[in-house]
Amino acid sequence: MGSISHTNVSIKPRSSEHRYRDTSIGDSLETFLMDCRQRALVHGYFRPYKGYLTIALPAVRRLNGSTRLVEDTLNSLIVSTLTKDVPKILIVVFLLTDDPVWTEKTGNQLYDKYKEHVDKGFVQIVRGHRNGLSKLLPFPASENSEERQRQAENLHYLNIMAYAKNLSSYLLLLDEDVRCQSNYIQKIFGFIQANTKPNRVWFVLNFSHSNLMGQLTKTSDLLKAIKLLIVLRYDVTYETLIDYIRALKGQPKKCQIKYPPFRYANMKRKTFLHKNFTQS
């Protein structure tokens, strides 16, 4: 396969030797992703209807073992969501560390603390490893630390996209240590409406001043992003992939809301999960 180039975004995949053998067959891939989603769920249940918004909240193991930062975001979201909006929204906490002991312990701790919200379908707790998705992105041996980091990052994003596909109409990426405004859902709805016009095309909308935190996409576009990530594997970062698809779909530039409803508690912080997490 040759190089793909579009509006200053150049992507060149390496050999497709390790691709999942049935990714060219849409139904087979979708069935596989649904099976992986079933295996990923640790606490919670699947609602019998499609919601409006899925909020992805990544959590990683820190050296001190604390989950305070992810809980700070969860608390802010829960307090800021009106009761009438709860059935439209799903918050998914992704435990993205490949440590089954930590995953089980942390999942149980979060469930005990947020049991009311998990039991009514508002919050789900899922594992980001050992759910089958690594078959789509097998890790080649690499001595390069940057490449290993990119491998882990892309697997994280694959987990988020694959799990969120079809749960709601839209997917919003948040992060640990984020605060949100009480009218965040109204701002999201209004900005989507303002950009949904016959003469306006968009792939991604931004609801923060960060690079990826606050990024919103249509879940109907996620399968295309998943397939591209599987083919390109580790030759491209997730951020570059999103920029490429945005240009491919005809969105000429970044579309950011003027007054974002989400911000990091630390106002100096601008980076997303993959540049600020610490694992032991």
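Preceding this paragraph is the structure being described.
What you see is a predicted model; the values in this text were computed from it and never measured.

Moving on, we get to the packing of aromatic side chains. Under the criterion given, the structure shown has eight aromatic pairs. Aromatic side chains Phe94 and Tyr163 sit 5.7 Å apart centroid to centroid with 85° between the ring planes, which places their arrangement in the edge-to-face category. Pair noted here: Phe94 is in strand β5 (residues 89–95) and Tyr163 is in helix α5 (residues 145–164), with a separation of 69 residues, a long-range link. Within the aromatic cluster, the residues linked to one another by ring pairs are Tyr52, Tyr170, Phe189 and Trp202. Over the ring of Trp202 we find Lys218, and its NZ or CZ is 4.5 Å from the ring centre.

Bringing the pairing of strand β7 (residues 168–173) into the picture now. Within β7, five of the six residues are buried, which leaves it mostly tucked inside the rest of the structure. Of the pairings in the sheet, the one linking strand β4 (residues 51–59) to β7 comprises five bridges and is parallel in character. Its bridge partner lying in β7, Gly51 is registered against Ser168. In this structure, β7 lies alongside strand β10 (residues 215–218), joined through four bridges in antiparallel fashion. Paired with Leu173 across the bridge in β10 is Gln215.

Counting residues in each nonpolar core, the largest one holds 45 residues, and the members touching the most others are Leu33, Phe94, Leu136, Leu158 and Tyr163. When contributions to this core are tallied by element, the ones reaching two or more residues are α1 (26–40), β5, α5, β7, α7 (222–232) and α8 (238–248). The contact partners of Phe94, leaving out residues within four places of it in the chain, are Ala56, Leu57, Pro58, Ala59, Val126, Asn159, Ile160 and Tyr163. Judged by nonpolar contacts, the second largest core, of 41 residues, contains Leu53, Tyr111, Val118 and Phe262.

Residue pairs three or four apart in sequence face the same way in an α-helix, which turns once every 3.6 residues. In this model, α5 (20 residues) spans 29 Å end to end at C-alpha, consistent with the 28 Å of a helix rising 1.5 Å per residue. Counting buried residues along α5, 14 of its 20 residues qualify, which places the element largely inside the surrounding structure. Just beyond α5, the residue with positive phi is Asn166, at close to 75°.

Look at any regular strand and the pattern is simple: side chains alternate between the two faces of the sheet. Bridge analysis of strand β9 (residues 204–206) against β10 gives three bridges, and the strand direction is antiparallel. Bridged to Asn206 within β10 is Gln215.

Definitions and limits used
- Residues numbered from 1 in each chain as written.
- Predicted model: local features only at pLDDT ≥ 70, side-chain atom pairs only at ≥ 80, totals over all residues.
- Heavy atoms only, no water.
- Phe/Tyr/Trp six-rings, centres within 6.5 Å; stacked < 30°, edge-to-face > 60°.
- Helix = DSSP H or I, 4+ residues; strand = E, 2+ residues; numbered from the N terminus.
- Lys NZ or Arg CZ within 6 Å of the ring centre and 35° of its normal.
- Buried < 20%, exposed > 50% of the residue type's maximum accessible area, 1.4 Å probe, protein only.
- Pairing = 2+ DSSP bridges.
- Core = buried A, V, L, I, M, F, W, Y, C linked by side-chain atoms within 4.5 Å.
- Contact = heavy atoms within 4.5 Å.
- Expected span 1.5 Å × (residues − 1).

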